[in-house]
Amino acid sequence: NAEGIRAEAKSEAVKARLRQNTEAAIAAGVFGVPTLLVHDELFWGFDDLDHLQNFLRGIDPLGGDKAVYADWFKVRASAQRKK
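These numbers were taken from a predicted model, which means no experiment stands behind them.

Take the environment of isoleucine 59 next. Summarising the element assignment, isoleucine 59 is placed in the loop between helix 3 (49-57) and helix 4 (70-73). Residue class for isoleucine 59 comes out partly exposed when judged on its relative accessible area of 43%. When the C-alpha atoms of isoleucine 59 and alanine 70 are compared, they prove to be 19 Å apart, with 11 residues separating the residues in sequence.

The structure is reproduced here in structure tokens:
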């Protein structure tokens, strides 16, 4: 029923839900699509799906030696979303 689906998509209820979902995504830190939120961890982009699979398997994508990445953990965000 394509006409019914199109009509529902234009309804105020669906538009309100889209606004709520968008606000929730922004609050969660989503900044692009596709973004997947899994156990409070954001995975962004198709190229991150391998990291997501490792995360779900319990494999740390950084490996056991975090000291190798110590300088990266000090980098601050260069931009912030306006609220």
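What follows is about the confidence of the model for the protein chain. Mean pLDDT over the protein chain: 86, with 98% of residues reaching 70 or higher. Per-element confidence in the protein chain is highest for helix 1 (residues 2-9), whose mean pLDDT is 94, and lowest for helix 4, whose mean pLDDT is 84.

It is worth spelling out the pattern of salt bridges at this point. This model, assessed by the stated rule, comprises 2 salt bridges. Here glutamate 3 and arginine 6 are joined by a salt bridge, their closest N and O atoms 2.6 Å apart. Taken together, the positions of glutamate 3 and arginine 6, both in helix 1 and 3 residues apart, correspond to about one turn of that helix. Classification of arginine 6 by relative accessible area gives partly exposed; the value is 45%. Between lysine 74 and aspartate 71 there is a salt bridge, with its nearest N and O atoms 3.6 Å apart. The pair lysine 74 / aspartate 71 is uniform in exposure class, with both members exposed.

Criteria and cut-off values
- Residues numbered from 1 in each chain as written.
- Predicted model: local features only at pLDDT ≥ 70, side-chain atom pairs only at ≥ 80, totals over all residues.
- Heavy atoms only, no water.
- Helix = DSSP H or I, 4+ residues; strand = E, 2+ residues; numbered from the N terminus.
- Buried < 20%, exposed > 50% of the residue type's maximum accessible area, 1.4 Å probe, protein only.
- pLDDT = per-residue confidence, 0-100.
- Salt bridge = Lys/Arg side-chain N within 4 Å of Asp/Glu carboxyl O.

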